[in-house]
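Next come the chains, spelled out residue by residue.
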Amino acid sequence: MGWRLGGKGASGRGQAGRIEEHGLHLWLGFYDNAFRLLRECYDELAGDPAGFAVADWREAFFPESNIGLLLESGPQTWLSWSACFPPHPGLPGDDIDPAEQFSLVGYLRRAIALLRTLIFGVEVTRRGETAGELHD
């Protein structure tokens, strides 16, 4: 609890005027509506670039296809998970082709692409320390 709303999603401005966030801050590319709204906000703010340090939404986000996570799976034992999610054409928030927007075929294509990535592109390793040594 604190003076600011937002919980794990809370943010504020630091000394350099940049937004400093609290908690995990990943915006996955499939958040099309959120990116669309963000792009509209940046377009509106672009009318006064002198009053806003970050003029384009692409300056505030960095695309990353390689994802890695660690999970503590026991005393001094970690499970690491890494994968590469290849980028799709276009930018997050671009309009979706109306033919695929809410079609079963569109969802199936995306689901198959995700499954292919998860099956063939994920590397999982277990690492633990015993007497100062690291084991695979």
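## What to know about the pairing of strand S4 (residues 77-84)
Looking along a regular strand, one sees side chains alternate from face to face of the sheet. Across eight bridges, the pairing between strand S3 (residues 66-74) and S4 is antiparallel. Within S4, the position partnered with Glu72 by the bridge is Trp78. Connecting S3 to the antiparallel partner S4 that follows it, the hairpin turn spans two residues, and Gln76 within it adopts a positive phi of roughly 55°.

## Observations concerning the confidence of the model for the protein
Here the protein shows a mean pLDDT of 75. Residues at 70 or above account for 74%. Mean pLDDT per element in the protein: strand S6 (residues 133-135) is the minimum at 44, and helix H1 (residues 32-45) is the maximum at 86. Ignoring residues within four places in sequence, the model shows residues 129-136, a span with pLDDT below 50, making eleven contacts including any to other chains.

## Re the nonpolar core
Across soluble globular proteins, you tend to see nonpolar side chains buried next to one another. Counting residues in hydrophobic clusters, the biggest one holds five residues: Phe35, Leu38, Tyr42, Val54 and Trp57. Broken down by element, the residue count for this core peaks at three residues, all from H1. Other than its neighbours up to four places away in sequence, Val54 contacts Arg18, Tyr42, Glu59 and Ala60.

## Some remarks on H1
Structural remark: α-helix, 3.6 residues per turn; residues separated by three or four positions point the same way. Relative to the 20 Å expected for 14 residues at 1.5 Å per residue, H1 spans 20 Å between its end C-alpha atoms, a close match to the ideal helical length. Every buried residue of H1 is accounted for by Asp32, Phe35, Leu38, Arg39 and Tyr42. Viewed end-on, H1 has its buried residues packed into an arc of 125°, placing them on one side of the element. The exposed residues of H1 that point more than 90 degrees off its buried face are Asn33, Leu37 and Glu44. Tucked inside the fold, the buried residues of H1 contact helix H2 (57-60).

## Considerations on the environment of Thr125
Position of Thr125 relative to the elements: it lies in strand S5 (residues 123-130). Distance from Thr125 to Ser82, taken between C-alpha atoms, is 9.0 Å for residues 43 residues apart in sequence. In contact with Thr125, other than residues within four places in its own chain, are Trp78, Leu79 and Ser80.

Thresholds applied
Residues numbered from 1 in each chain as written. Predicted model: local features only at pLDDT ≥ 70, side-chain atom pairs only at ≥ 80, totals over all residues. Heavy atoms only, no water. Pairing = 2+ DSSP bridges. Helix = DSSP H or I, 4+ residues; strand = E, 2+ residues; numbered from the N terminus. pLDDT = per-residue confidence, 0-100. Contact = heavy atoms within 4.5 Å. Core = buried A, V, L, I, M, F, W, Y, C linked by side-chain atoms within 4.5 Å. Buried < 20%, exposed > 50% of the residue type's maximum accessible area, 1.4 Å probe, protein only. Expected span 1.5 Å × (residues − 1). Arc of directions from axis to C-beta.

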